[in-house]
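Each chain is listed here by its residues.
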Amino acid sequence: MPYKKPNLNIRSFVLLSVFALICLVFTGFLAVFQIRGPQTDYVPGGENKRVVTVSGVRGEIYDKNGVKLVANSTSHNVIYEYGAMPSTFAEINGELVTVLQKIKDAEMEDKLSDDYFPIEGIYPNVRFSSAVSDTSSNERYYLLKILERKNLPEDISATELAEYYVNRCGLSDETYTPKQVMELMRLWYEMDRIDFGQFQAYTIAENVTDELIAAINETNITGVTFTSFTERQYLYPGYASHILGQVGKITAESAEYYSSLGYPMDAYVGRSGCELAFESILHGQDGTMVIEYDDDGSVINTYYEKEPISGNDVYLTIDITVQIAAEDALKKRIDEIDGAEAGALTAIDPNTGAVIAIASYPTYDLSRISETEYYNSLSTNENRPLSNRALGGLYAPGSTYKIGVALAALEKGATDTKYTCECTGTYTGFDSGNPKCNGVHESVNIYTAIQESCNIFFYTLGEKLGVKNITDYTARLGLGVPTGIELADPEGTVAGTVEGKTWTKFEDVTAAIGQSDHAYTPMQLSVYMSSIVNGGTRYTAHVFDSERSFHSKEVISDYKPTVADTVDFSPETYKTLIDSMALVVSENSEVNRYFKNLPVTAGGKTGTAEKDGQEDNALFCGFAPLESPQIVVSCVIEEGQHGYYASDVVASVMKAYFQQP
């Protein structure tokens, strides 16, 4: 057969056609890839798989006696899965609209995940929210991150940002109502914020009902799955709220820190209190579950690629029985005092620094903190119930400071048990104003001066010693220095250390009765009193008792008492101070009536601290038993008027402590 020359035109046409088809397919692939990247890995047999993150269960919190304070309860989230969603924006938007409608039908819009959407209004009439102009807000932080990630200009307007999402995500106002455009835009923005993708699912709604899950399942939406997760359950609602703290989503301020630790950006972490302080113990390690499904989307197999690991449990030094007694007694007393609105109490073991109770009033209910209306009522309350006054409130110590002054004076030789002072009610010798006493006590020694809280006696010591010789002792005993507690712990202010203030002899004498610039926390007062009644050892305050494996109670680590400082003083000085504080409880009728039914002996010191334009604060620091102190309790009542009012609360706490089985 003669050679036939091939038809190059036909061959070229075929090759070009095949090439064009390949380009078309590749272009289509790129289009899908830009929407959500590669959606599926392929396994032998034509089966597909996707990987789901499974959160590790958060550890639980117990009191010192093993009483559970914070547990976990199972709840469900609606999740949008990157690996199972459709291939086009039209299909994705259709699924999202359907899910949102089901959530509305179930009247569970309040369960939609928190977001930081920066746009307000209804499309196309939109504007940035006021939070965007706040340089410290989450809204501004995440907006700048998204703009950087999407290569958008930093000076973009709200309208331009909205148009970007409308165009990019196919949110045509011909297809969707203006309200739906905004709802979808919000979801797409949130997906960008959390880096939604193959390794990061998007939580549409949290803590939903079984009925809503069933309703969504009936729609056969491919991109939506559901996860079960553990939600914090507070077993003593309304108690220990300031101690336990809150759990919430990662904030902008902490995003980089948690990201460096490998946390997903929609993870829940401790926000305050023990939940924050012991996050590294409580937080579990996430696992990954592989879900295999066939081409029809039916699940054919599931298995853990990486098992989730539960966090460990934390046992606190808190005694929940004493804690409840403290909060109840504090509230009751404050409610009884005309004009009083707030106060705080701390109780610790003087021999270890272990914290037994921390009470701050007004307080709140942690089990309701996620309710928007309830939280807003707390955040706008002028009495600041969200603030922990026991650890963060700074108060003049008033006459409770006199015990430290007496210690310094006895050790420095400025007084002894035989020295007497004449109290006429006024301390003279100053050109402008002579400080007063709270009565006319006539001849007083150190015992009666502490018992009756005679200012004249301590004015004399203040003038003899000078503030520095006193604060050298009281600071080492715990006033104006961090207590070391794992929670918030401000230093406070030591009188005589305020920069730029002219110090005079008048300041020396007023500082000696706990006024002037002194400002300390109730926790510091308890550490200070503990350091005195245990003989001079200042222990680091702590609420952590031990770390134990989840549910098994096996101790992984426990706290060893830590000495922060030691102040040497003589046995004679110690006996004088203890005997004097015993007289405060046994001989002052206004104090003794609260302690007379206590099964052990007790000592303490009253205090009233002046506040410009307000009633005096009431303070009392007490300890028991006298012979071998086991507990120190300090109470402050803002505008409580008289120190013995605070002694009522301290006595109630001691009764709860010593009357336990």
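Since the model is a prediction, treat every value here as computed from it, not as a measurement.

Student: For this particular structure, what's the right way to read the confidence of the model for the chain?
Tutor: A low pLDDT score tells you not to read the predicted coordinates there in detail. When the pLDDT values of the chain are averaged, the result is 88; 91% of them are 70 or greater. Segment residues 1-47 is flagged for pLDDT under 50; beyond a separation of four residues in sequence, or across chains, it makes 37 contacts in the model.

Student: Hey, could you run me through the packing of helix H14 (residues 402-412) against helix H16 (residues 455-465) in this one?
Tutor: A pair of packed helices is characterised by two quantities: the angle between their axes and the separation of those axes. Interhelical geometry of H14 versus H16 gives an angle of 50° and a closest axis separation of 10 Å. In terms of orientation, H14 lies oblique with respect to H16. Once H14 is placed against H16, the crossing between them reads as left-handed. Here Lys-402, Val-405, Ala-406, Ala-408, Ala-409 and Lys-412 of H14 lie close against H16, whose contacting residues are Asn-455, Phe-458, Leu-461 and Leu-465. Class assignment for the residues of the contact of H14 with H16 results in seven nonpolar, one polar and two charged.

Student: Just checking my understanding: could you explain helix H6 (residues 210-217) for this structure?
Tutor: Every α-helical turn comprises 3.6 residues, leaving residues that sit three or four positions apart pointing alike. Along H6, the residues classified as buried are Leu-212, Ile-213 and Ile-216. Buried residues of H6 fall within an arc of 100° about the axis and therefore sit on the same side. Set apart from the buried face of H6 by more than 90 degrees, the exposed residues are Asp-210 and Glu-211. Elements in contact with the buried residues of H6: strand S4 (68-80), helix H2 (89-105) and strand S8 (224-234).

Student: I would appreciate a short explanation of the side chain of Asn-72 in the present structure.
Tutor: Mapping Asn-72 onto the fold places it in strand S4. Residue Asn-72 is classed as buried on the basis of its relative accessible area of 17%. Of the polar contacts made by the side chain of Asn-72, one reaches the side chain of Arg-232; its length is 2.8 Å. Excluding residues that lie within four positions of it along the chain, Asn-72 makes contacts with Val-57, Arg-58, Glu-60, Thr-230, Glu-231, Arg-232, Gln-233 and Phe-550.

Student: Help me understand the packing of H14 against helix H20 (residues 571-587) in this model?
Tutor: Viewed as axis vectors pointing N to C, H14 and H20 meet at an angle of 150°, and their least axial separation amounts to 10 Å. Between H14 and H20, the crossing angle belongs to the class labelled roughly antiparallel. The two elements H14 and H20 cross, and the hand of that crossing is right-handed. Each of Ile-403, Ala-406, Leu-407, Leu-410 and Glu-411 in H14 lies in contact with H20, whose residues at this interface are Thr-573, Thr-576, Leu-577 and Met-581.

Student: Would you mind showing me how to read the sheet that holds strand S24 (residues 631-637) here?
Tutor: Within a sheet, each strand pairs with its neighbour through backbone hydrogen bonds, oriented either parallel or antiparallel. Pairing is antiparallel across the open sheet formed by five strands, whose spatial order is S15-S14-S24-S23-S22. Looking at which strands have only one partner, the edges of the open sheet turn out to be strand S15 (355-361) and strand S22 (603-611). On average, each strand axis in the sheet is tilted by 10° relative to the strand beside it, whichever way the strands run. Sheet topology places strand S14 (residues 343-348) next to S15; six bridges connect them, and they run antiparallel. Residue pairing for S15: Gly-343 is matched across the bridge by Tyr-361. In this fold helix H11 (residues 320-336) packs onto S14, S15 and S24, with an angle of close to 30° to the strand it touches most, S15. Packed onto the sheet, helix H22 (residues 643-658) meets S14, S15, S22, strand S23 (614-624) and S24 and runs at close to 30° relative to S23.

Student: What should I look at first to understand the pattern of salt bridges in this one?
Tutor: Any two side chains of opposite charge can pair if their charged atoms end up close together. Going through the model one piece at a time under the given rule, you end up with 25 salt bridges. One salt bridge in this structure joins Glu-275 and Arg-232, with 2.9 Å as the shortest N-O distance. Taken together, the residues Glu-275 in helix H9 (residues 273-277) and Arg-232 in strand S8 connect sequence positions 43 residues apart. Like Glu-275, the residue Arg-232 is buried in the burial classification. One salt bridge connects Lys-332 with Glu-336, and the closest N-O pair in it is separated by 2.7 Å. In this pair, Lys-332 and Glu-336 both sit in helix H11, four residues apart, roughly one turn of the helix. Given the relative accessible area of 43%, Glu-336 is considered partly exposed. Among the charged side chains, a salt-bridge network with shared partners connects Arg-58, Arg-232, Glu-275 and Glu-279.

Student: What's the story with the packing of aromatic side chains in this structure? I'm lost.
Tutor: Geometrically, a pair of aromatic rings is defined through the distance of the ring centres and the angle of the planes. Within this structure, the stated rule accounts for 21 aromatic pairs. An angle of 10° between the planes, with centres 4.6 Å apart, marks the rings of Tyr-62 and Tyr-315 as stacked. Residue Tyr-62 is located in strand S3 (residues 61-62), and its partner Tyr-315 is located in strand S13 (residues 313-316); the two are separated by 253 residues in the primary sequence. In this pair, the class of Tyr-62 matches that of Tyr-315, namely buried. Ring centres of Tyr-257 and Tyr-258 lie 5.0 Å apart, and the angle between their planes is 70°; on these two criteria the pair is classed as edge-to-face. The exposure class assigned to Tyr-258 is buried, which follows from its relative accessible area of 5%. Ring-pair connections join several aromatic residues into one group, and the members of that group are Phe-117, Tyr-164, Tyr-165 and Tyr-189.

Student: Mind showing me how you'd approach unusual backbone geometry here?
Tutor: Backbone geometry follows two general trends: most residues other than glycine have a negative phi, and most peptide bonds adopt the trans configuration. The amide bond that connects Tyr-123 to the next residue, Pro-124, takes the cis arrangement and shows omega of 5°. Looking at where Pro-124 falls in the secondary structure, it is placed in the loop between strand S5 (119-122) and strand S6 (125-128). In this chain, Ala-624 is followed by Pro-625 through a cis amide linkage whose omega measures -15°. Relative to the elements of secondary structure, Pro-625 occurs in the loop between S23 and S24. Even without glycine at this site, Asn-220 takes up a positive phi of about 60°. Looking at the element boundaries, Asn-220 is found in the loop between H6 and S8. For Asn-220, a relative accessible area of 64% puts it in the exposed group. Its identity is not glycine, yet Glu-639 carries a phi of approximately 55°, on the positive side. With respect to the helices and strands, Glu-639 occurs in the loop between S24 and H22.

Definitions and limits used
- Residues numbered from 1 in each chain as written.
- Predicted model: local features only at pLDDT ≥ 70, side-chain atom pairs only at ≥ 80, totals over all residues.
- Heavy atoms only, no water.
- pLDDT = per-residue confidence, 0-100.
- Contact = heavy atoms within 4.5 Å.
- Axes fitted to C-alpha atoms, helices over the stretch in contact; angles between N-to-C directions.
- Helix = DSSP H or I, 4+ residues; strand = E, 2+ residues; numbered from the N terminus.
- Parallel < 35°, antiparallel > 145°, perpendicular 65-115°, else oblique.
- Left-handed = near helix turned anticlockwise from the far one by under 90°.
- Nonpolar A, V, L, I, M, F, W, Y, C, P; charged D, E, K, R; others polar.
- Buried < 20%, exposed > 50% of the residue type's maximum accessible area, 1.4 Å probe, protein only.
- Arc of directions from axis to C-beta.
- Polar contact = N/O pair within 3.5 Å; in protein donor to acceptor, adjacent residues only side chain to side chain.
- Pairing = 2+ DSSP bridges.
- Salt bridge = Lys/Arg side-chain N within 4 Å of Asp/Glu carboxyl O.
- Phe/Tyr/Trp six-rings, centres within 6.5 Å; stacked < 30°, edge-to-face > 60°.

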